[in-house]
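So you can see what is in the structure, the chains are spelled out below.
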Protein chains: 2
Amino acid sequence: MVRMADVARAAGVSVMTVSNVLNERLPVGEPTRARVMAAVEALGYEVNLTARHLRAGRTDTVAFVVPSFHDYFGELADHLAPLVEAEGRHLVLERTSANAEQEMEALSVARLQIYDGVLLSVAGLDLEQLRRVRTAKPIVLLGERDVPDHLNHVRLANESGAHLATAHLIERGSRRVVALGCSFDGAHMMTTDRRAGWEHAYRDAGLTADPAYVVPVSDYTSLGGRDAMLDFIASGLPFDGVFAVTDIVALGALSALADSGLRVPDDVQLAGFDNLDMSHFIPPGITSVDANHEGVAEAAVGLLHRQMSGWTGPAEHVVAPVRLVVRGSTRGGA
Amino acid sequence: MVRMADVARAAGVSVMTVSNVLNERLPVGEPTRARVMAAVEALGYEVNLTARHLRAGRTDTVAFVVPSFHDYFGELADHLAPLVEAEGRHLVLERTSANAEQEMEALSVARLQIYDGVLLSVAGLDLEQLRRVRTAKPIVLLGERDVPDHLNHVRLANESGAHLATAHLIERGSRRVVALGCSFDGAHMMTTDRRAGWEHAYRDAGLTADPAYVVPVSDYTSLGGRDAMLDFIASGLPFDGVFAVTDIVALGALSALADSGLRVPDDVQLAGFDNLDMSHFIPPGITSVDANHEGVAEAAVGLLHRQMSGWTGPAEHVVAPVRLVVRGSTRGGA
DNA sequence: CTGTTAGCGCATTCAT
DNA sequence: ATGAATGCGCTAACAG
């Protein structure tokens with residue numbers, strides 16, 4: 001390994017001069033500068049980022065900690081990356097497997113130290129665990145769970161989004177809308193917020209929501225959505241609409257409906273949440289609540305950047321607005 | 001920040017004893033050990049990973065460098081993570097934006113130094129650029145392009161997979177199969193290999209492949225696939241099958257076919273490549289060549305692990321086998 | 001089993 | 001404008 005000292009010797013200068021040239025810090029005379037650069041080229045020198053980090057206390061790297069790399073998180077990460085890079089930093093992804101133990105480990109001070117800031121998608125952590133997160137490191141939480149006041153947080157307008165989708169289904173003629181993957185669980189969570197939106201849409205339409213139409217899923221995958229939908233169909237309860245808690249779950253429902261000979265949107269209207277790329281293209285097009293990746297990414301990186309710049313005001317809790325994207329899985333205007 | 005020295009003082013031992021306790025290296029007497037652990041707890045000490053790295057020359061971290069975080073790469077990353085973790089290391093993802101400049105930067109010695117090993121998805125780099133990658137760091141290339149002999153590489157059996165898919169389409173009755181997203185371009189390995197498989201399937205069936213049915217796409221997205229498919233339909237050339245170069249492109253084709261009133265599989269059979277999760281569920285189920293994430297992940301991590309263990313034999317070039325998964329987008333057996 | 005010595009490669013501080 | 005000294009926090013090697 002070639003070190004700065006080797007470059008310095010080759011260029012006939014001191015180590016500090018090399019450092020100053022490479023970091024463009026103190027002004028360096030042009031001839032000296034040229035000699036240093038020549039030596040850097042000749043020796044193929046590359047700075048040792050670890051040593052710089054230890055000395056300077058800065059990595060120029062931000063971590064996005066996610067439960068899994070695919071689908072929603074991967075798409076969001078692609079939106080975060082340019083914003084982080086615009087500030088001259090790298091973005092790296094770390095995975096927690098939606099597992100509370102690993103998620104805590106990812107949050108351990110040890111792991112945090114190697115990043116200038118951390119964006120954490122909170123999936124497997126409850127409020128109590130999050131309360132224990134005490135760190136001076138800049139950190140912003142992302143996701144649809146309740147979080148402690150002292151931590152910055154960006155989440156979606158879940159209830160409003162579910163309301164939009166359900167109201168749309170009702171307006172377009174559905175009267176019995178399954179809330180697939182929603183729940184009554186007490187914790188302030190994605191599935192309960194979205195269930196509340198579903199409920200309020202009924203109320204606002206002068207109808208009454210039947211709790212029997214709140215159908216949980218075993219896991220938030222297409223398979224989970226498919227199985228739950230098939231079970232519901234088998235139960236014989238009449239229905240003419242499905243609001244799925246995520247597009248992934250909606251895709252499972254679509255599959256189940258197709259296999260059961262139910263036509264979308266003629267027999268059953270379908271709406272999802274997240275507006276994944278694929279939802280544009282899956283025939284007949286899945287109506288979905290857009291998860292506003294741009295807005296979430298911008299808010300999160302903004303909050304993080306502010307902290308990394310030394311701002312120390314109180315934590316902020318941003319609720320990113322959402323909008324409904326109407327496609328072929330719901331019927332045309334009356 | 002609380003350092004090891006603080007713990008040592010609190011426990012009344014030397015710094016080295018603390019280090020030995022925490023790393024479980026040299027045996028430490030039980031009472032001493034208990035005192036140290038108590039002090040660690042009391043002070044909330046966490047090891048400084050940067051200092052450890054600088055001193056020990058080891059990060060216990062592997063990077064997976066990808067062109068983008070979503071879809072194929074995200075899914076593959078989820079398969080890599082457990083394998084890397086099984087060896088006691090972390091996996092982190094870095095993005096290159098399929099941009100040669102950034103990809104080279106990700107490969108720069110400076111960036112590599114902070115990882116014990118690197119898995120690189122080669123998307124935006126050509127052979128010449130890869131030849132310049134000279135590093136002692138363990139590195140394994142993933143992807144469907146040509147790479148220099150001196151670098152370890154894992155890729156898919158592209159031609160064989162395309163052959164499987166096309167032969168299946170022909171066997172189930174298609175005679176004019178569009179090779180969507182394929183090409184004759186020498187540089188783009190994936191698309192040419194898959195085109196070759198398509199061609200050979202024709203030949204093996206005693207038919208002749210018409211180059212007019214090799215339809216390029218502007219980019220490898222669903223939108224690109226959709227637009228190219230719509231253009232082809234508009235051209236009026238008769239066709240009764242589509243082999244799409246990826247499932248993402250196949251989804252675009254499915255969308256175009258649906259909008260054009262063509263039924264899948266009755267009017268047009270469709271097959272893709274990658275077997276993304278969604279392909280199971282998108283009605284009528286997309287027949288696809290499975291990208292064998294397990295096999296690719298296992299081979300790649302195996303090669304990387306071998307290098308990280310100090311093995312220095314010649315580079316290996318693994319071709320992971322693929323298989324066809326038949327679903328509703330192709331017709332049942334004759 | 002425990003402590004001492006030394007230094008990983010760089011950047012901050014101060015001197016020249 | 002350049003250089004010398006110092007130490008970031010930790011662990012390898014050795015001494016006791």
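Heads up: the structure comes first, above all this text.
Residues numbered from 1 in each chain as written. Chains lettered and ligands numbered in written order. Predicted model: local features only at pLDDT ≥ 70, side-chain atom pairs only at ≥ 80, totals over all residues. Heavy atoms only, no water.

Draft legend 1. Structural detail: the packing of aromatic side chains. With the rule as written, the count across this model stands at eight aromatic pairs over all chains. For the ring pair phenylalanine 232 of chain A and phenylalanine 239 of chain A, a centre distance of 5.3 Å and an interplane angle of 85° mean the geometry is edge-to-face. Residues phenylalanine 232 of chain A and phenylalanine 239 of chain A agree in their burial class; the two are buried. With centroids separated by 5.2 Å and ring planes inclined at 90°, the aromatic side chains of tyrosine 72 of chain B and phenylalanine 73 of chain B adopt a geometry described as edge-to-face. Like phenylalanine 73 of chain B, tyrosine 72 of chain B is buried. Each residue in the set Tyr213, Phe232 and Phe239 of chain A is aromatic and connected to the rest through ring pairs, giving one cluster. Over the ring of tryptophan 311 of chain A we find arginine 306 of chain A, and its NZ or CZ is 3.5 Å from the ring centre. (Phe/Tyr/Trp six-rings, centres within 6.5 Å; stacked < 30°, edge-to-face > 60°. Buried < 20%, exposed > 50% of the residue type's maximum accessible area, 1.4 Å probe, protein only. Lys NZ or Arg CZ within 6 Å of the ring centre and 35° of its normal.)

Draft legend 2. Layout of the interface of chain A and chain B. Taken together, the contacts link 47 residues of chain A with 47 residues of chain B. In this assembly, chain A packs against chain B so that about 4000 Å² is buried in total across both faces, 62% of it on carbon and sulfur atoms. The largest per-residue losses of area from chain A upon contact with chain B belong to Thr50, Phe69 and Phe281 of chain A, which jointly make up 17% of the total buried on that side. Between arginine 95 of chain B and aspartate 78 of chain A there is a salt bridge; the shortest N-O distance is 3.5 Å. The interface formed by chain A and chain B holds nine residue pairs in polar contact (both at pLDDT 80 or more) in total. Broken down by secondary-structure element, the contributors of at least two residues to the side of chain A that touches chain B are α4 (49-56), α5 (71-86), β2 (90-95), α6 (100-107), α7 (109-113), α11 (222-235), α12 (247-259) and α13 (277-281) of chain A. The element that contributes the greatest number of residues to the side of chain A that touches chain B is α5 of chain A, accounting for seven residues. Of the residues assigned to the side of chain A that touches chain B, the class counts are 24 nonpolar, 14 polar and nine charged. Pairing between β2 of chain A and strand β2 (residues 90-95) of chain B: three bridges, direction antiparallel. Bridge pairing links leucine 93 of chain A to leucine 93 of chain B in β2 of chain B. (Contact = heavy atoms within 4.5 Å. Buried area = accessible area lost by both parts, 1.4 Å probe. Salt bridge = Lys/Arg side-chain N within 4 Å of Asp/Glu carboxyl O. Polar contact = N/O pair within 3.5 Å; in protein donor to acceptor, adjacent residues only side chain to side chain. Helix = DSSP H or I, 4+ residues; strand = E, 2+ residues; numbered from the N terminus. Nonpolar A, V, L, I, M, F, W, Y, C, P; charged D, E, K, R; others polar. Pairing = 2+ DSSP bridges.)

Draft legend 3. Spotlight on helix α2 (residues 15-23) of chain B. Residue and element names in this part refer to chain B. Among the residues of α2, Thr17, Val18, Ser19, Asn20 and Val21 are the ones counted as buried. Summarising the contacts, the buried residues of α2 are in contact with α1 (4-11) and α3 (30-43). After α2 finishes, the residue glutamate 24 shows a positive phi value of roughly 50°.

Draft legend 4. Inspection of the relation of the copies chain A and chain B at higher detail. Mapping chain A onto chain B calls for a screw motion: a turn of 180° about the axis and a shift of 0.2 Å along it, with 0.2 Å RMSD after fitting. Accordingly, the operation relating the two chain copies is best matched by a two-fold axis. Looking at the rotation axis and the C-alpha trace of chain A, the residue lying nearest is leucine 93 of chain A, at 2.4 Å. (Least-squares fit on C-alpha atoms with pLDDT ≥ 70 in both.)

Draft legend 5. Geometry of the protein's contact with DNA strand C. Residues in close proximity to DNA strand C total 24 residues, the closest being Met16, Arg25 and Tyr45 of chain A together with Thr32 and Arg55 of chain B. Within 4 Å of the protein, the contacting atoms of DNA strand C are drawn from sugar and phosphate to the extent of 62%. Here a phosphate oxygen of DNA strand C sits 2.7 Å away from a polar atom, N or O, in the side chain of arginine 52 of chain A. At a separation of 2.7 Å, a base nitrogen of DNA strand C approaches a polar side-chain atom of arginine 55 of chain A. (Near = heavy atom within 4 Å.)

Draft legend 6. Examining the nonpolar core more closely. With 144 residues, the main nonpolar core has Phe64 and Leu180 of chain A together with Phe64 and Leu180 of chain B as its most contacted residues. Here leucine 180 of chain A is in contact with Val215, Val217, Gly225, Ala228, Met229, Val242, Phe243, Ala244, Val245, Val249 and Ala253 of chain A, once residues within four sequence places are set aside. (Core = buried A, V, L, I, M, F, W, Y, C linked by side-chain atoms within 4.5 Å.)

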